[in-house]
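In case you want the letters, here they are:
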Amino acid sequence: MKQVFSRPESLKDVQTHFCPGCHHGSVHRLVAEAIDEFGIASQTIGVASVGCSVFLYGYFDVDVIEAPHGRAPAVATGAKRARPDRIVFTYQGDGDLAAIGMSEIIHSANRGEDITVIFVNNTTYGMTGGQMAPTTMPGQKTSTSPYGRDINNDGAPFKMAELLSQLEGVAFSARVAVNSPKNVIQAKKMIKNAFRCQIEKKGFSFIEVLASCPTNWGMQPLEANKRVSDEMIPYFPLGVYRNTANL
Amino acid sequence: MNNHKTEKVFLKGNEAVAMAAIEAGCRCYFGYPITPQSDIPEYLSRELPKVGGTFIQAESEIGSINMVLGAAATGARAMTSSSGPGISLKQEGISYMAGSELPGVIVDIMRAGPGLGGIDASQADYFQATRGGGHGGYRIIVLAPASVQEMYDLTMLAFDLADMYRMPAMVLADSVIGQMKESVTPNPRPKTELPPKPWVVRGKAAGEPQNVVKSLYLGDGEMEAFHWKMHARYQELADKECRWEEFMTDDAELIVTAFGSPARIAKTAISMAREAGMKVGLLRPITLFPFPKKAYATLSESCKRFLSIELSTGQMIDDVRLSVARDAEVAFYGRPPGAGSLPTPEELFVQIRKNYQAAA
Ligand SMILES: Cc1ncc(C[n+]2csc(CCOP(=O)(O)OP(=O)(O)O)c2C)c(N)n1
Ligand code: SF4
């Protein structure tokens, strides 16, 4: 019998701690497939952030630096400047990247650091128990927005893929989702583009992935998938927002 | 470097730090402007590109220390510098570096006061530097230059010690030492035997072990074991790396102790006291962590009165008290930092005379 589906080589053969239906697992897989398909595992340095993806080193079979909360782009900057011949990527949640780490991401992007940023937007702080994130949607209830996010009090959600696309240093910025086979195929293509951007030394590449957090949304996995298409995608449209790298 | 020139050069303390960093092989500098240390990033922005290095004026001190963390994780020698408010922001990153056992050099040209404070010479960040500064119970190596030559030499030593002990090292100076100009012999990098760095992130080939630079320890007993490991390393530092200077201590009946620029002023005052027939000496710690406890213990066997002079209301004095023999007394004279607060030699002479008489 021919094997048509297997674990990517740059993922370890271990069980993850992710909740059932969590999209972090799918995103890990797509990133690992991209690394495998480019054959760059032996050159790759991952930078983990603080959030549910903190155990990146436990799942990826590549060298990893664990960054302080929000600082992954600065850590990646240091690593890439010291080793320009390596492929450096960060993997960050929305609290990490768009709240505490806003300064680091904006400035790394603006400097056009030759790194790839994988940004997992699940509209909540997963690891700490579902508090309001900078991407929590208007009206969305979380443990710290019990009456729903009020944009007069909390501001409107950040649309990071669009925001970063305004910066000259950014070579590639796109938003994808992994809630359907079609979206997964597109997401894979975009993640590969982002790594290709770095391999070809074309500058900063950014992928925002709309992701589910069934646990903190209080939903079953399928319901959570549906929320991504019904609520998130209309508010955070999928697409390529900047592509000066011509990928 | 083979084409090394060791003719004397006339330099500011801050420039000596920057020059030494390049000689020490540092090719990654990340900083943010703040007085009184901005000569360091200015010098390195000019000189690092000439030697193939990378200079980034980061978005903040938080950004810059985390760039040091990232570069250090790849095995590169990396440095940042700042002063009070910026050093406070760096504490998060320094704590992560300590927790990840990463070497790296942080230069702190202290300024006065909490908050925005002022730019006058200060030693009020002694506690922040020598107690770790950030969260989690760690220490870093702290070196205290008292001349422009030492700014040069100790910066180079900081890189070596950081690599040898896998921990951040700080050069802690007051703004007088940072800003003043003296002639310096730019010594070539010493040929220190350094441990290899098999732990760096480098991109692992198939079959090679995965390297992870991290400070998260969740397994049963892991964190506790880490603390004891670091404790033992700090002990090893204390055993092997204490450095200090003694001046006229042999027959001293009063020992003045001070670091940085007050130590220089004290030397002048001690010479005045010697001329006036008083047996006074100076013990100047050069490493503040590890603190040269044994030097104090030994001297206090015969000399029973010490006078700690600091540009603060008294911080190092705690370490002095913990180091001297139980029957030795430690007096204090401090000028908390601020405009016009740098003591004169005459002023210190008066304090020395007062304490000398009390000792007699
Ligand atoms: C300085 C600091 N503040 C707060 C925390 C606590 N904390 C851990 S994870 C996290 C948020 C994670 O949310 P996100 O980045 O959205 O990632 P997710 O868990 O949803 O994947 C926070 C606030 C921390 N570790 N460090
Ligand atoms: S809490 Fe949310 S983001 Fe974290 S693992 Fe569970 S589902 Fe995923």
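Preceding this paragraph is the structure being described.
Residues numbered from 1 in each chain as written. Chains lettered and ligands numbered in written order. Predicted model: local features only at pLDDT ≥ 70, side-chain atom pairs only at ≥ 80, totals over all residues. Heavy atoms only, no water.

Trainee: Explain the pairing of strand β7 (residues 168-174) of chain B here, please?
Mentor: All names here are of chain B. In terms of residue burial, β7 counts as a mostly covered element, since seven of its seven residues are buried. Here β7 shows a buried face lined by P168, M170, L172 and D174 and a second buried face lined by A169, V171 and A173. Sheet analysis places strand β5 (residues 104-110) next to β7, joined by seven bridges and oriented parallel. When the sheet's bridge partners are listed, V107 is paired in β7 with V171. Judged from the three bridges that link them, strand β6 (residues 141-143) and β7 form a sheet pairing that is parallel. Considered in β7, the bridge of L143 is made with V171. Considered for its hand, the β-α-β crossover made up of β6, helix α6 (residues 148-165) and β7 is right-handed. (Buried < 20%, exposed > 50% of the residue type's maximum accessible area, 1.4 Å probe, protein only. Helix = DSSP H or I, 4+ residues; strand = E, 2+ residues; numbered from the N terminus. Pairing = 2+ DSSP bridges. Right-handed = clockwise from strand over helix to strand, strands pointing away.)

Trainee: Mind showing me how you'd approach the site of ligand 2 here?
Mentor: All names here are of chain A. As a matter of local geometry, ligand 2 sits amid F18, C19, C22, H24, C52, N122, G126, C213, P214, T215 and N216. It is helix α9 (residues 214-217) that provides the largest number of residues to the shell around ligand 2, a total of three residues. A per-class count over the shell around ligand 2 returns six nonpolar, five polar and no charged. (Near = heavy atom within 4 Å. Nonpolar A, V, L, I, M, F, W, Y, C, P; charged D, E, K, R; others polar.)

Trainee: Can you help me understand empty space enclosed by the protein in this one?
Mentor: Unfilled space is identified by rolling a water-sized probe across the atoms. Residue and element names in this part refer to chain B. As enumerated under the stated definition, the model contains one cavity of 30 Å³ or more in all. Computed from the structure, the largest cavity encloses a volume of approximately 40 Å³. In this structure, the largest cavity is lined by A76, R77, A78, P103, G104, F159, A162, D163 and K197. With three residues, the single largest contributor to the lining of the largest cavity is α6. A breakdown of the residues in the lining of the largest cavity according to their chemical character gives five nonpolar, one polar and three charged. (1 Å grid on protein atoms, 1.4 Å probe; cavity = no way out; pocket = protein on both sides within 12 Å on 5 of 7 lines; lining within 4 Å. Points joined across faces, edges and corners; volume = space filled by probe spheres on them.)

Trainee: Teacher, can you tell me more about the site of ligand 1 here?
Mentor: All names here are of chain A. In the neighbourhood of ligand 1, 16 residues make up the surrounding shell, with H24, C52, D94, D96 and G126 lying closest. Residue H24 places a side-chain N or O atom 2.9 Å away from an oxygen atom belonging to ligand 1. G95 is positioned such that a nitrogen or oxygen atom in its backbone is 2.9 Å from an oxygen atom of ligand 1. Here ligand 1 has 590 Å² of accessible area as a free molecule, and 76% of this is covered by the chains. Ranked by residue count, the leading element in the shell around ligand 1 is helix α4 (residues 94-100), at four residues. Residue composition of the shell around ligand 1, by class: five nonpolar, nine polar and two charged. (Polar contact = N/O pair within 3.5 Å; in protein donor to acceptor, adjacent residues only side chain to side chain. Areas by Shrake-Rupley, 256 points an atom, 1.4 Å probe, with all protein chains shown as cover.)

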